[in-house]
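Geometric and topological summary
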Amino acid sequence: MNSSRKDKHSNKNIDRSTIVGLGLAVMGVLFSEFSYFFIKSIPLTAVGLSSLILGIVITMIPGNSIPTSYVRSFIKESYVNVEEILEQFDAKERCIFLPPRDRRIFVYVPIIPNQNCTNSVAWKAMEAPIHVLTEVDGKPGLMVFLPIPYEILSKVDQGSMPEEALNHILVEQLEILESIKAIESTNKIAIKMSGSRVEVEFPRTKKVLGSLPTCIAGSILSYILKKPIILLKEESSGRDIIASFEMLNKNG
Amino acid sequence: MDKQKIYVISLGFTYLVMNIILVIFNENRLNVYMSLFIIGYFSITILFNPRKNYIDIVGIGLFILFSYIIMIIVLDYWL
């Protein structure tokens, strides 16, 4: 029974667009050869060659891809849970973005108001038990799981340059932004995100995690830098966002 | 409509238009057809920037072909 399920799954990988592309490519090769060697017609040969190019292009393009607008909607609506959790615990402090653990992406949110999160607290949070309500340095806090798939972060290498990683995920893969620029200084990174295409209208989430692009950017930075990252400031102007983050070093 | 589908349709339409125009002008040189197809492919691909499953084999192949066509034309001119 398990092997028949596997066969069904593997057949789905050869989807319709691949079959159409291959068919078009094969037809193009045969038609162009026939036109060139037998009919001796250059225009018909060109038609065959253009069919070949189109066929290969169709094969290369992912079939049945979910429209990006749907993906953006999924991400946007999945923040409802985050908003509810933050409301429930009356969390108001800025979160600390932590490197993923066990392929799970989460942030640490202190619950106690005006709690000064030092670097050592942030690094201890990296080792704290992964529960929604956890404890770091004897103080309660929240581990909020972000609705960001680990597969998206893993598209960039740990240790890659921040601007390159942010551009690859936010601009090229998710298409949430039109462009992004990052400037690094000693322990800080300032990011300018232009042309944001999605926004989450949850006030608590925005206050604690930042806007949606900022939140994803924070997760990416903590993943590639393998350090806790805290959002210092965020300013929005229309569809442009400027956010500054601080890297919390272990001995800081 | 999906961006990928618009890309494929645009590419197909571009090739169709190019073929028709060249036939109207009685063009019989295959390298002219191929050069225009290559330029059309890169223009449309840059415009739409579609996602691909693999490395751009078509782009690499067409680039090599274009370089070969240019090399032949230059050699013909010199010799």
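Quick caveat, the model's predicted, so the values are computed rather than measured. (Residues numbered from 1 in each chain as written. Chains lettered and ligands numbered in written order. Predicted model: local features only at pLDDT ≥ 70, side-chain atom pairs only at ≥ 80, totals over all residues. Heavy atoms only, no water.)

With respect to the overall build of chain A
Heads up, the condition is: Only DSSP runs of H or I reaching four residues or more are called helices, and only runs of E reaching two or more are called strands; each is numbered from the N terminus. Relative accessibility thresholds used throughout: buried, under 20% of the residue-type maximum; exposed, over 50%; partly exposed, between the two (1.4 Å probe, protein chains only). The contact rule is simple, with two residues in contact once any of their heavy atoms fall within 4.5 Å. The accessible surface values rely on the Shrake-Rupley method and a 1.4 Å probe; as for residues, cover is taken only from the protein chains in view.
Secondary structure summary: chain A contains ten helices and eight strands in total. The proportion of buried residues among the 252 residues of chain A is 48%. Within chain A, contacts between residues separated by at least 24 positions form 62% of all contacts whose residues are at least 6 apart in sequence. Total accessible area on chain A is roughly 13200 Å²; 55% of this is exposed by carbon and sulfur atoms.

Observations regarding helix α2 (residues 16-39) of chain A
At 3.6 residues per turn, the α-helix brings residues three or four places apart onto the same side. All names here are of chain A. For clarity, the cut-off: Multiply 1.5 Å by the residue count of a helix minus one, and that product is the helix's expected span.
The end-to-end C-alpha distance of α2 is 32 Å, a good match for the 34 Å that 24 residues give at a rise of 1.5 Å each. Every buried residue of α2 is listed here: T18, G21, A25, G28, S32 and S35. Contact partners of the buried residues in α2: α3 (42-60). Just past α2, the residue K40 takes up positive phi, approximately 60 degrees.

Points about the pattern of salt bridges
All names here are of chain A. The criterion, for reference: Any carboxyl oxygen of Asp or Glu within 4 Å of a side-chain nitrogen of Lys or Arg constitutes a salt bridge here.
For the coordinates displayed, the defined rule picks out eight salt bridges over all chains. One salt bridge connects R204 with E87, and the closest N-O pair in it is separated by 3.5 Å. Within this pair, whereas R204 is found in helix α9 (residues 203-209), its partner E87 is found in helix α5 (residues 79-88), the two being separated by 117 residues in sequence. A salt bridge links K124 to D137, with the nearest nitrogen and oxygen atoms 3.0 Å apart. In this pair, K124 sits in helix α6 (residues 119-127) while D137 sits in the loop between β3 (133-136) and β4 (139-145), placing the two residues 13 residues apart along the sequence. If you follow the salt bridges from partner to partner, you end up with E87, D90, K92 and R204 in one network.

Focus: α3 of chain A
Residue and element names in this part refer to chain A. Note the threshold: N or O atoms closer than or at 3.5 Å make up a polar contact, with two conditions inside protein: a donor-capable atom paired with an acceptor-capable one, and, for residues adjacent in sequence, both atoms drawn from side chains.
With 19 residues, α3 should cover 27 Å at 1.5 Å per step; its first-to-last C-alpha distance of 27 Å lies within 8% of that length. The element α3 is extensively covered by neighbouring structure, given that 15 of its 19 residues are classed as buried. Looking at where α3 begins, the residue whose side-chain oxygen comes 3.4 Å from the main-chain nitrogen of L44 is S41.

So far we have only geometry, and geometry alone does not tell us how the molecule works.
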